[in-house]
Amino acid sequence: MTTNELTRGPVLPAPASGYRSRPAKKRRPGTSRISSLRALVWVLPAVLMLAVFVYLPLAQNFGFSVLEWDIYTGSQSFIGAENYRKMFADPVFWHALANNAWYSVISILFQVCGALVLAALVEGLRHDRWKQIFRVLYFIPSAISLTVAGLLFYFIYEPELGLLNAGLERLGLGDLTQSWLGQENTAIFAIIAMSQWQGFGYCTLLFAVALQRIPSELYEAASIDGVGPVRRFFSVSLPLVREMTGLMMIVTVSGAFQVFNEVMVMTTGGPNNSSQVLGTWLYRSGFVRNDFGYAAAIATAIFFITLSLALLQLWISRKRRVEW
Amino acid sequence: MLKVRQIGLAAVAAMAVTLTGCGSSAPQETADLAAEPEYSGTLSILTKFGGEPLESYFSDLASEYMQMHPDVQFELIQETDQSIKDKTKTLTASQALPDIYFTWAGDWAANFVDAGLAADLTPVIEPGTEWGDTFGEASLSAFQYDGKYYAVPLYNNGKFMGYNEKIFTELGIEPPTGFDELISACGTIRDAGYEPIAFGNKDGWPALHYLQQLFAYNVPQDTLQADFDPETATWEDEGYIRSLEQFSTLVTECTGSGADSNGVLYTTAQQALAEGRAAMYYQEILEFDTSAAEGTPLSKDGFGIFPLPVPAGAKGDPGAIEGSPEGYIINARSERAALAADFMEFVTESANASTLSAPPYGQPSAVVGAVTADSSSPSVVKGIEMVNDASSTVIWLDSVTVPDVADAWLAGGEALISGDSTPEEILSSVQAASEASK
Amino acid sequence: MVKRSTALGVIGSTFVWAFLLALAVVVIYPLLWMTLNGFKTNAELFGNPFALPVELRWENYANAWNRGVGNYLMVSVLVTVTSTIATVFIGAWAAYGLTRIKIPFSRTFLIVILAGLMLAPTVALIPLVRMFQALGLYNTFWALLILYTAFRIPFTVFLIRAYMMDLPVQIDEAAAVDGASRARAFWQIILPMCKPIIVSTVILNILFTWNEYLFAMVFTSGGDFQTLPVGLTNLMAKHGTDYPVVFAGMVMAALPMVVLFIAGQRYFIRGLADGIGK
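Residues numbered from 1 in each chain as written. Chains lettered and ligands numbered in written order. Predicted model: local features only at pLDDT ≥ 70, side-chain atom pairs only at ≥ 80, totals over all residues. Heavy atoms only, no water.

J.: What exactly am I supposed to notice about the overall build of chain B here?
T.: Tallying secondary structure elements over chain B gives 20 helices and 13 strands in all. For a compact globule of 438 residues, the expected C-alpha radius of gyration is about 22 Å, and chain B comes in at 23 Å, within 12% of that figure. Scored against the burial criterion, the 438 residues of chain B give a buried share of 61%. Roughly 16000 Å² of accessible area belongs to chain B as shown, and the carbon and sulfur atoms make up 50% of that amount. The averaged location of the 64 negative side-chain charges in chain B is 8 Å from the averaged location of its 19 positive side-chain charges. (Helix = DSSP H or I, 4+ residues; strand = E, 2+ residues; numbered from the N terminus. Rg over C-alpha atoms; globule rule 2.2 N^0.38 Å. Buried < 20%, exposed > 50% of the residue type's maximum accessible area, 1.4 Å probe, protein only. Areas by Shrake-Rupley, 256 points an atom, 1.4 Å probe, with all protein chains shown as cover. Lys, Arg positive; Asp, Glu negative; His and termini not counted. Charge placed at Lys NZ, Arg CZ, Asp CG, Glu CD.)

Written as structure tokens, this is what we have:
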């Protein structure tokens, strides 16, 4: 997960809160005597902004994806499913999709599983002061932008003046030095690694907050039973944050399919399109290869992927409501 | 109730605006360039002179022009060699191209001409007109399409191997005349502890510059020209494979970064030559005065140039030099086309042309007589002479071909360097891209 | 509280400490390296990457500032402040309507607003380019203001609404008894009561806007009007051989957010807690 996903909310409980509104409704019967239509004034600014600048373009995108579109003249002609046919036959599209998938898998490993364990370790410390220091320290990379982090890691990975190769040399691991962003088999993983560095603190913070909400009596009961810290993590902490972990996974995966910034800054998808992800391939198809219709088709693919993840999330959050 | 309806209407209206905005492009009128310009309003210009030391060229001229015409304002968008491509495309797609914008020759400029985005400059700039006669005719005709002239050529350009004279003398090396000689010189230089050729291919195009020069040497001229146009292209000449192999040899034998080069910026490579750590760096005339800028170790050691040596048995034109003039198009849809033309005429006045050709800018002006030994650096003078004397010139691979083919070459060059694809694989991916863009 | 003083426990806690500290080094060292590089000369940078700068060259920072970072910073501040204000007000206004007022189709509106959380901005990119060009807003301050506000409303409404639902209804009733209009009740009573969550959303919005890249890159033309993330990549392209200045620019872009986060972390964490807890 990355700072950009702050957009999407730490965890997306859209429906959960939707259901919660029911008891709230009961609490305010008849408090409003204002003409009900005039009351629309309250929601219209938000709804209109969204309708015009979020939903309308979304709808237009489907229309654009069936066009051949010349960026120079602006002329458009209908070509049906041709862009989609081209997309399914495009090896770079599939490669980009695979890179997004790698992004999700690795992010789940580090930013969900890793961050959860890390949060448990930090919260297990005895001194509140240190807990706070670690939480803040780990979060700092998430506060700096992906652009800054990307540029910084470009220099860290640079084969000649970079920190990483120089460090490996010093450790006597000179054999491992390479052009991290310049090789087809390492470029995307070097970017993903940077993204873990940048984002793990954010997830750790989220888990730390969740762990704090677990009533301390549960821990005390466990310790009376003579349960060690490792087992306590598995038998007390984990079950209580399991639902949240599930949601975090989906948010992380959904974010992984929207990656753009760091790839653009670090490799622009190269070398030989090896680090291309859907977002950058969309951009390159539209703005470099002049094919806006095709770019819109890629956008449709991103839409359906993120939509199905969001629906999965809804389904999961519908099931929760048990814990704390 | 009324209020709600109004808001609803506003929403509908907003959507209508956005919907009708699509697909309708107003028929444009031919801009009257010869008309007396009205000296007011804001002139927007997209330049390729972003960054030090070039940035001040247009901004100085703009302020000078504003002193003469106080009602004129400027909006300068200054991009770099690297960033200007994406920026131009974005502006084009958003139909937000400025009044004056940079262009390369070849397919790049043709796209703007075909789409009616380039004003026809023929009446004011064709050879025989007062302004037109100040330019070398070849520079003008680089932007000639269907007999009409569409851009103001600002400077000429060509690609040369720049070298450190001190290192060459120290090691007893003469500028090589054959490709094999270059490769063997690299061994000598490497043994002496220098990086033979500094090379950074993070952006992909530096490899294309080597490749296109080798293509010009190895592929018969007619075949090469035919391959640039998807309609007539086959990309089957064996000269392409040979060129890819030669380039691969050069990367392995001569560069310090070798297979790692895709992770190195071209500016890092330029810096290696400037600081005397590398003996050579393949560069455009435009870069000469930056590489050997005052105060750099290279300027003390002495900076020399030679064309990329020709491989033995080459079937193309051994006298070809890669490079082409670069120019500025006046937007056909500009409301201030006449003013734009007037400003570009000012930019290419002989005094300003000389300034452009001299350090620190070092951009050899397309204006006749602007590059002189008095004002320009010796290397720039020599480079431009070689370009003028070349038996043919060939335009950059990434601007002469259509975007999909250029992109296939870009990816292929990177794959060749990292060793992930063979020359044959690369060529077939180019063939596929060319076939698809028919 | 577990009190285990076995040898195993000691080894375990030593290991945990070592791990946490090592991770802290991994986080901090690159940032430190970035800051130190901002003080070096090019030659030092190309020399030993581990070396400390020979002297603190503040002129690199001055150079970065003069080569555009100052300008980008101003634009970033302007865009961030205005879009944050717009988002929070529109969001709070809607949240109030959704929680306190009987609105026809309120459930539909709620879903319309919150479903925005699920949409990837990339999907709307191509049509938005056309739309803003048609509206004449391309490459203007308004383009960024509108986009940042529109795409941030769902999350803002989500957070503030959750908080407002927990405020007792009696407050509104008391206000109504006093004869306060709905709008007055919102401005004078509810909004001030929501201060903690407002502060949280403000911090989250600032972090987002300051760091946003996709829209900033596509919707600005590269003249003087650019935000920091895009400006920095430009600085890198334009002054590629002067790396220390690029590092100085990066530090200047990162510093305000780091300071903001450390200063406002209490609210920030609380905002997250409220987001999760609901």
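J.: Would you explain the interface of chain A and chain B in this entry?
T.: If you look at the interface, chain A gives 39 residues, while chain B gives 42 residues. The contact between chain A and chain B buries some 3500 Å² in all, and 58% of this surface belongs to carbon and sulfur atoms. Inspection of the chain A/chain B interface yields three salt bridges. Two residues, Asp407(B) and Arg284(A), come together in a salt bridge whose shortest N-O distance is 2.4 Å. In this structure, the connection of chain A to chain B is made through 13 residue pairs in polar contact (both at pLDDT 80 or more). Only α2 (44-64), α12 (261-266) and α13 (278-288) of chain A provide two or more residues apiece to the side of chain A that touches chain B. (Contact = heavy atoms within 4.5 Å. Buried area = accessible area lost by both parts, 1.4 Å probe. Salt bridge = Lys/Arg side-chain N within 4 Å of Asp/Glu carboxyl O. Polar contact = N/O pair within 3.5 Å; in protein donor to acceptor, adjacent residues only side chain to side chain.)

J.: Teacher, can you tell me more about the packing of helix α9 (residues 205-218) of chain B against helix α19 (residues 403-418) of chain B here?
T.: In helix packing, the relevant descriptors are the interaxial angle and the interaxial distance, both defined with respect to the helix axes. Residue and element names in this part refer to chain B. Where α9 contacts α19, the two axes come as close as 9 Å, and the packing angle between them is 100°. Taken together, α9 and α19 sit at an angle that is classed as roughly perpendicular. For the pair α9 and α19, contact is made by Trp205, Ala207, Leu208, Leu211 and Phe215 and by Ala406, Trp409, Leu410 and Ile417, respectively. For the contact of α9 with α19, the class distribution of residues is nine nonpolar, no polar and no charged. (Axes fitted to C-alpha atoms, helices over the stretch in contact; angles between N-to-C directions. Parallel < 35°, antiparallel > 145°, perpendicular 65-115°, else oblique. Nonpolar A, V, L, I, M, F, W, Y, C, P; charged D, E, K, R; others polar.)

J.: Just checking my understanding: could you explain the pairing of strand β7 (residues 159-164) of chain B for this structure?
T.: The side chains of a regular strand alternate between both faces of the sheet. Residue and element names in this part refer to chain B. Burial of β7 is extensive: six of the six residues sit out of reach of the surface. Pairing between β7 and strand β9 (residues 278-284): five bridges, direction antiparallel. Note that in β9 the partner of Lys159 across the bridge is Glu284. Where β7 lies against strand β10 (residues 303-306), four bridges are found, and the strand directions are antiparallel. Residue Gly162 lies in a different strand from β10, and its bridge partner there is Ile305. (Pairing = 2+ DSSP bridges.)

J.: Honestly, helix α4 (residues 107-114) of chain B in this entry has me stumped. Any pointers?
T.: Residue and element names in this part refer to chain B. Where burial is concerned, most of α4 is hidden: seven out of the eight residues are buried. Among the residues making up α4, those that are buried are Asp107, Trp108, Ala109, Ala110, Asn111, Phe112 and Val113. Of the residues flanking the end of α4, it is Gly116, one or two places downstream, whose phi is positive at about 75°.

J.: Help me understand the interface of chain A and chain C, please; the structure alone is not making it clear to me.
T.: Interface size is commonly expressed as the accessible area that is lost once the parts come together. Between chain A and chain C, the contact holds 112 residues from the first and 108 residues from the second. For the pair chain A and chain C, the two sides together bury roughly 10300 Å², of which 78% comes from carbon and sulfur. The interface formed by chain A and chain C includes zero salt bridges. Take the side of chain A that touches chain C: its biggest share by element is 15 residues, from α2(A). Within the side of chain A that touches chain C, the residues separate by chemical class into 74 nonpolar, 26 polar and 12 charged.

J.: Help me understand the pattern of salt bridges, please; the structure alone is not making it clear to me.
T.: If you walk through the whole model with that rule in mind, you get 16 salt bridges over all chains. A salt bridge links Lys48(B) to Glu326(B), with the shortest nitrogen-to-oxygen separation between them at 2.9 Å. Linking Lys48(B) in the loop between β1 (41-47) and α2 (55-68) with Glu326(B) in strand β12 (residues 326-330), this pair joins segments that are 278 residues apart in sequence. Considered together, Lys48(B) and Glu326(B) belong to a single accessibility category, that of buried residues. Through salt bridges with shared partners, a single network forms among Arg284(A), Arg289(A), Asp404(B) and Asp407(B).

J.: So what exactly am I meant to see when it comes to the confidence of the model for chain B here?
T.: When pLDDT is averaged along chain B, the result is 88; 93% of the residues meet or exceed 70. Here residues 1-29 of chain B scores under 50 on pLDDT; set against residues more than four positions off or in separate chains, the count is 27 contacts. (pLDDT = per-residue confidence, 0-100.)

J.: Is there a simple way to explain the packing of aromatic side chains in this structure?
T.: All names here are of chain A. Using the criterion set out here, one finds 81 aromatic pairs over all chains in the structure. Summarising the aromatic geometry, the rings of Trp69 and Phe292 are spaced 5.1 Å apart at their centres and angled 70° between planes, so their arrangement reads as edge-to-face. Separated by 223 residues along the polypeptide, Trp69 in strand β1 (residues 67-69) and Phe292 in helix α14 (residues 292-319) bring together distant segments of the chain. No difference in accessibility class separates Trp69 from Phe292, as the two residues are buried. (Phe/Tyr/Trp six-rings, centres within 6.5 Å; stacked < 30°, edge-to-face > 60°.)

J.: Would you mind showing me how to read the sheet that holds strand β6 (residues 152-155) of chain B here?
T.: All names here are of chain B. With respect to topology, five strands assemble into an open sheet ordered β2-β1-β3-β12-β6, the strand pairing being mixed. The sheet terminates laterally at β2 (72-78) and β6, the two strands that pair on one side only. Each adjacent strand pair in this sheet contributes to an overall mean axis angle of 25°, direction not counted. Two elements, β1 and strand β3 (residues 100-103), share two bridges in a ladder whose sense is parallel. Across the sheet, Ile45 pairs through a bridge with Ile100, a residue of β3.

J.: What is the right way to look at the nonpolar core in this model?
T.: Generally speaking, soluble globular proteins have nonpolar side chains that are buried together. Residues Tyr138(A), Leu152(A), Phe343(B), Ile113(C), Phe132(C), Phe219(C) and Phe268(C) are the most contacted members of the largest nonpolar core, which totals 286 residues. Tallying contributions element by element places helix α6 (residues 141-165) of chain C first for this core, with 17 residues. (Core = buried A, V, L, I, M, F, W, Y, C linked by side-chain atoms within 4.5 Å.)

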